[in-house]
Structure formats: C-alpha cells, structure tokens
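# Commentary on secondary and tertiary structure
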Amino acid sequence: MGLFLMGILLWSLVIASVVLFIYGLWKRSWKALAWSGAALLLPMGLIAFDGSGSMWFKLSMVPPLLIFAAAYFMKNKRAQHMH
C-alpha cells in the first residue's frame, strides 16, 4: 500500500506542476511558475538521483531548472516595467 500511495503523491505533484505551468504562462504569473518548478523538483529529483548513475536520468533535473529560470526572468521583466 505504501508504494501505491507514493505513486499517487508523485503523479499528483507532476499533474499539479503541469497545471501550474500552464496557468502561469497563461496569466503571466511568476509565482505560479515558481510553484510549478517546486512541485516538479521531488519527482524529477527521485528520477535523477536514484543511484543508477546514468547521465540521461540526471537530465531529468533540467525541466524544473528551466521553469525556475522562466519564473525568475518573468519576475525581473515585471519589475522593470514597474519602474
């Protein structure tokens, strides 16, 4: 039962991340993008650091980092428009 609940938790984090990513792009909300990246960190971190050592699995950390970068640039772009 524990593995089943862990699967539900991880997949719900992935789905929440996708929904927040789409919402963040649609509404141009850097906070939603940041939460999307945060929700995706745990599932992708488990894939990247599971001990297999393969470089392809380590590349799974790229999407959360790209989402964080998009949130950062969106926040800075909004801050420049405020001045």
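Notes on the structure in this doc start here. (Residues numbered from 1 in each chain as written. Predicted model: local features only at pLDDT ≥ 70, side-chain atom pairs only at ≥ 80, totals over all residues. Heavy atoms only, no water.)

## Focus: the overall build of the protein
- Along the protein, the regular secondary structure elements total 4 helices and 0 strands.
- Listing the helices and strands of the protein from first to last along the sequence gives α-α-α-α.
- At 15 Å, the protein has a C-alpha radius of gyration far larger than the 12 Å of a compact globule built from 83 residues.
- Over its C-alpha atoms, taken along the principal directions, the protein stretches across nearly 50 × 30 × 15 Å.
- Within the protein, buried positions represent 25% of all 83 residues.
- For the protein, the share of sequence-separated contacts (at least 6 apart) that also reach a separation of at least 24 residues comes to 53%.
- On the protein, roughly 6,300 Å² of surface is accessible, and the fraction owed to carbon and sulfur atoms is 76%. (Helix = DSSP H or I, 4+ residues; strand = E, 2+ residues; numbered from the N terminus. Rg over C-alpha atoms; globule rule 2.2 N^0.38 Å. Buried < 20%, exposed > 50% of the residue type's maximum accessible area, 1.4 Å probe, protein only. Contact = heavy atoms within 4.5 Å. Areas by Shrake-Rupley, 256 points an atom, 1.4 Å probe, with all protein chains shown as cover.)

## Let's talk about a nonpolar patch on the surface
- Among the surface-exposed residues, Met-55, Trp-56, Leu-59, Val-62 and Leu-66 lie close enough to one another that they form a single nonpolar patch of about 570 Å² accessible area.
- Mapped onto the nonpolar patch, the elements with two or more residues apiece are helix 3 (55–58) and helix 4 (62–82).
- Within the secondary structure, Leu-66 sits in helix 4.
- You can call Leu-66 exposed: its relative accessible area is 54%. (Patch = residues over 30% accessible without salt bridge, like charges linked within 9 Å, V, L, I, M, F, W, Y side chains within 5 Å. Salt bridge = Lys/Arg side-chain N within 4 Å of Asp/Glu carboxyl O.)

## As for the nonpolar core
- Val-14, Leu-33, Leu-40, Met-44, Ala-48, Met-61, Ile-67, Ala-71 and Met-74 form the largest nonpolar core, which has 9 residues in total.
- Counting only elements with at least two residues in this core, the list comes to helix 2 (30–48) and helix 4. (Core = buried A, V, L, I, M, F, W, Y, C linked by side-chain atoms within 4.5 Å.)

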